[in-house]
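Now for the letters of each chain:
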Amino acid sequence: MSLVEILAAAETGENTLTARVPDTWMQGRTAYGGLSAALALEAAIRSQPDLPPLRSAQIAFVGPLAGEVTVETRLLRRGRTAAYIEANVFGEGKLGLKALFVFMTALESAIDYADAARPDAPAPEDAAPAMANPDPKFFTSNLEYRHALPIEERHTPDFMRWVRLKERDGLHPMVELMAIGDALPPAAMALFEKPGPISSMTWMLNVLTAEPVTRDGWWLSRSTADLVRDGSSSQVMQMWNADRQPVVTGMQSVAIFV
């Protein structure tokens, strides 16, 4: 099932959303974190009418999620310009993900600044396809990847690839971003001498535009580790649209078991 089909089949209750995670969206013994976060965001959006655009999210990956999951949402505050919604995702009655979403309307301001740096990467239509996990039950079977860095740089803790969902028509644009924002391997894995287990712990992201759009579904995603030590990795994450306009910036903490 695609994410579109998962959300179409999801049942919405009073401040709840119940969905089933197919085997094809798993990442080891838990659902792919981007999918779990997307379900939480979808539940938050359905819980309140006429929300302003998503501007920030803080996510904690508390425990494994699989099979039927239920998202419970709670409106913490809604003022004139911003709404804060908490979303907790449960599997078999146990908390698997905790999220705080901040939705905020655009404000008039005299301040207008943006980092002018644009990533040096080939256009998605010119980039070479990138291999993903060959297991059809692994979540990457729902995505397409293309290289955005020279292949000889693959041993540095810096991954940059074009990513898109194979099926995305009808998705809320913010839910689409959430679903692919965590699609790259943790950058620290480039330093591994042999495969080993990892686990995402927390993920924080800021959405830099109220209306994220791109061409042909392609988003440029980059993850760069700034410290890997004592079984923990901190990485900076960025996303741009197909025209290299900044869309998302964030950070993630990853546990390393090698």
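Fair warning: this is a prediction, and the values are worked out from it, not measured in the lab.

What counts and what doesn't
- Residues numbered from 1 in each chain as written.
- Predicted model: local features only at pLDDT ≥ 70, side-chain atom pairs only at ≥ 80, totals over all residues.
- Heavy atoms only, no water.
- Pairing = 2+ DSSP bridges.
- Helix = DSSP H or I, 4+ residues; strand = E, 2+ residues; numbered from the N terminus.
- Axes fitted to C-alpha atoms, helices over the stretch in contact; angles between N-to-C directions.
- Contact = heavy atoms within 4.5 Å.
- Buried < 20%, exposed > 50% of the residue type's maximum accessible area, 1.4 Å probe, protein only.
- Polar contact = N/O pair within 3.5 Å; in protein donor to acceptor, adjacent residues only side chain to side chain.

Trainee: Which parts of the structure should I look at to understand the sheet that holds strand β2 (residues 16-21)?
Mentor: Hydrogen bonds along the backbone pair up the strands of a sheet, which may run parallel or antiparallel. Across the sheet, 12 strands lie side by side as β1-β2-β6-β7-β8-β5-β11-β14-β13-β12-β10-β9; this open sheet has antiparallel pairing. Edge positions in the sheet fall to β1 (11-13) and β9 (143-147), since each of these pairs with one other strand and no more. In this sheet, neighbouring strand axes are inclined to one another by 25 degrees on average, regardless of whether the strands run parallel or antiparallel. When strand β5 (residues 54-61) meets strand β8 (residues 94-104), the two strands line up antiparallel, connected through seven bridges. For A57, the partnering residue across the bridge sits in β8 and is F101. Here helix α2 (residues 33-47) sits on the sheet in contact with β1, β2, β5, β6 (67-78), β7 (82-91), β8 and β11 (198-207), set at roughly 55 degrees to β8.

Trainee: What should I look at first to understand the environment of S141 in this one?
Mentor: Along the chain, S141 falls in the loop between β8 and β9. Since its relative accessible area comes to 25%, S141 is described here as partly exposed. Among all residues touching S141, those that are not within four sequence positions of it are T24, P136 and K166. Among the polar contacts made by the side chain of S141, one reaches the main-chain carbonyl oxygen of P136 at a distance of 3.1 Å. A polar atom in the side chain of S141 sits 3.0 Å from the backbone oxygen of F138.

Trainee: Would you mind going over unusual backbone geometry with me for this structure?
Mentor: The general pattern is negative phi for most residues beyond glycine and trans for most peptide bonds. Despite not being glycine, D216 shows a phi value in the positive range, around 55 degrees. For D216, the position within the fold is in the loop between β11 and β12 (219-229). In the Ramachandran plot, D230 falls in the positive-phi region, its phi being about 55 degrees despite a non-glycine side chain. Mapped onto the elements, D230 comes out in the loop between β12 and β13 (232-240).

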